[in-house]
Amino acid sequence: MNNYTFFFKYFLDNWTTYLISIIISVLIYTPIIKNTCKSILDPLFLTLVLTLFANSVPIFLLFLGLISIESFLYVVICECLFWISYFVFAKKNIQFSKIKMHDSIAGDYCYLFFLCIMVVSHMITYLKFGIPLFMTSRLETYSGGGGWGILYYIQNFSIFYCAVYSMYLLKRKKLKFYSLLGLFLITIFSFLSGAKSAIMILVYAYFFFSFFYLEKNIHLKRFIYYLIPFVLIFPIFLISKQNDISPLAAFISLLRRFVASGDVYWIALPDNVMDNVDINNKFTYLFSRILAMFRIIDPAQVETPIGVQLNWLVNPNEYGIIKGPNSRLPILCWILFKWNGIILAPIFGFICAFWRTWIPVYLPHGIIPIIFYGFIYVGLCGIFTDPLMGTSNFFSIFLFSTILYAAYILFGGRYIKLSPR
């Protein structure tokens, strides 16, 4: 079932049934969100809200008799095992160690360094490949190979460092021109990326700086007055520009995208379309995002992503275009190993509990460690949406760690001072 069939044949004619499905999903995920997210600015909050919408789709499809009981139960079992494992292993409170890392001018020099490579990497991308905003599929920006995909990772970590550190500099009233320039450039590059959620990096940066560095509760009134309008206007304007439609139509499209968080379910589950996805080397595919990034295997040998194959199956006219739904955990588990795949669910639950709640225990409190942890946090939130997409960020984390460490030492990190908090 493709998107057109879902929305115009089933969704519009059964919207009350969908509302019931949403209510059921809300009742299930409200306690999960309450016991995991520290704020509505927490990167995991949006991820779980989208998961809430996504997992209402199998309920809706079951009510309409479009999927089998077996398929529905598989989704439920995978989700239950994931969250049980997560809460068993997760620490209740996320806290950094009792060691403090004193601020250093090396961090300021690192900021100017990352600001430069952020600009240079984007300029090279625009000149060599074009602007992603105006491409048929922004996912194809670096599809030509040749190692140019490294620019994507450089852009990601340089933007995050600059976003958090700009707020740190503004708080300390240092390098005000450069910090404001950094925030302005991040906004522009986020828009030109074509990604509707790209601007959220500024929201997440504010969360990590305020909640973990300043150790203050976030004032939601200030956020509602100043940030929410901006966060809403950005994707609406972007959708309007990309599709040449009115802002009202773009707003409706934005709402539709929340429903479409579960597109993989209506594509894969009806008529068991997922059984037609062809993955030959299943274990290699499971670790492919890590193995390919570190060149342990040839990236050209990685099989076509599950989401892309599913899109081709229901939209044959789009064959060859690299786009498709996220491979949510139950779909990934089934396609790879059928019923044996449910063992992956608690494993990913443990992985998410570890990186989210245990990593800070081993880090000193300071702006640089918080930026490092924040980058890991934002990147691996993708595991909740698409496990393989999330694991693909391990390479970016490794690259960021290496460059940040080298830059910090180069710019005076030998004067690093640690003391008890």
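The structure this text deals with has already been given above.
Bear in mind the structure is a predicted one, so any value in this text is a computation, not a measurement. (Residues numbered from 1 in each chain as written. Predicted model: local features only at pLDDT ≥ 70, side-chain atom pairs only at ≥ 80, totals over all residues. Heavy atoms only, no water.)

Participant: Is there a simple way to explain unusual backbone geometry in this structure?
Facilitator: Excluding glycine, residues mostly have negative phi values, and the peptide bonds linking residues are mostly trans. One non-glycine residue, Leu 175, adopts positive backbone phi at about 45 degrees. You can call Leu 175 partly exposed: its relative accessible area is 31%. In this model, Asp 271 sits at a positive phi of 60 degrees, which is unusual for a non-glycine residue. Along the chain, the position of Asp 271 falls in the loop between helix 11 (263–268) and helix 12 (282–286). According to the relative accessible area criterion, Asp 271 is exposed, its value standing at 72%. (Buried < 20%, exposed > 50% of the residue type's maximum accessible area, 1.4 Å probe, protein only. Helix = DSSP H or I, 4+ residues; strand = E, 2+ residues; numbered from the N terminus.)

Participant: Where do I start with the pattern of salt bridges in this structure?
Facilitator: For side chains of opposite charge, pairing can occur when their charged atoms come near one another. Tallying each qualifying case throughout the model produces three salt bridges. Here Asp 108 and Lys 174 are joined by a salt bridge, their closest N and O atoms 2.4 Å apart. Separated by 66 residues along the polypeptide, Asp 108 in helix 5 (residues 105–128) and Lys 174 in the loop between helix 6 (150–172) and helix 7 (176–192) bring together distant segments of the chain. The salt bridge involving Glu 318 is made with Lys 323; its shortest N-O contact spans 3.5 Å. According to the relative accessible area criterion, Glu 318 is buried, its value standing at 19%. (Salt bridge = Lys/Arg side-chain N within 4 Å of Asp/Glu carboxyl O.)

Participant: Help me understand a nonpolar patch on the surface in this model?
Facilitator: Together, Ile 84, Val 88, Phe 89, Phe 350, Phe 354, Trp 358, Val 361 and Tyr 362 make up an exposed nonpolar region whose accessible area comes to about 790 Å². Top element by residues in the nonpolar patch is helix 4 (residues 69–89). It accounts for three residues. Note on placement: Phe 354 falls in helix 16 (residues 344–357). (Patch = residues over 30% accessible without salt bridge, like charges linked within 9 Å, V, L, I, M, F, W, Y side chains within 5 Å. Areas by Shrake-Rupley, 256 points an atom, 1.4 Å probe, with all protein chains shown as cover.)

Participant: Just to check I follow, could you spell out the packing of aromatic side chains for this structure?
Facilitator: Aromatic ring pairs are defined here through the distance separating the ring centres and the angle between the ring planes. One pass over the structure, following the stated rule, counts 57 aromatic pairs. Between Tyr 86 and Phe 384, the aromatic rings sit 6.3 Å apart at their centres with planes inclined by 70 degrees, giving edge-to-face as the arrangement. Taken together, the residues span a long stretch of sequence, with Tyr 86 in helix 4 and Phe 384 in helix 18 (residues 382–385) at a distance of 298 residues. An identical accessibility class is assigned to Tyr 86 and Phe 384; each is buried. Measuring from ring centre to ring centre gives 5.1 Å for Phe 211 and Phe 212, while their planes differ by 85 degrees; the resulting arrangement is edge-to-face. (Phe/Tyr/Trp six-rings, centres within 6.5 Å; stacked < 30°, edge-to-face > 60°.)

Participant: Any chance you could explain the state of the cysteines here in plain terms?
Facilitator: Disulfides are covalent bonds that connect the sulfur atoms of two cysteines. In the structure shown here, the tally under the stated rule is zero disulfides. In this structure Cys 37 is a free cysteine whose sulfur lies 8.4 Å from that of Cys 381, the closest cysteine sulfur available. For Cys 333, which is in no disulfide, the shortest distance to another cysteine sulfur is to Cys 78 and amounts to 4.2 Å. (Disulfide = S-S within 2.5 Å.)

Participant: Hey, could you run me through the nonpolar core in this one?
Facilitator: Here is a general trend for soluble globular proteins: nonpolar side chains tend to be buried in one another's company. Core analysis: the biggest nonpolar cluster contains 129 residues, and Tyr 161, Trp 266 and Ile 331 have the highest contact counts within it. The residues touching Tyr 161, leaving out its near neighbours within four places in the chain, are Gly 107, Cys 110, Tyr 111, Phe 114, Ile 368, Ile 371, Phe 400 and Leu 404. (Core = buried A, V, L, I, M, F, W, Y, C linked by side-chain atoms within 4.5 Å. Contact = heavy atoms within 4.5 Å.)

Everything listed here is a matter of geometry and, on its own, says nothing about what the molecule does.
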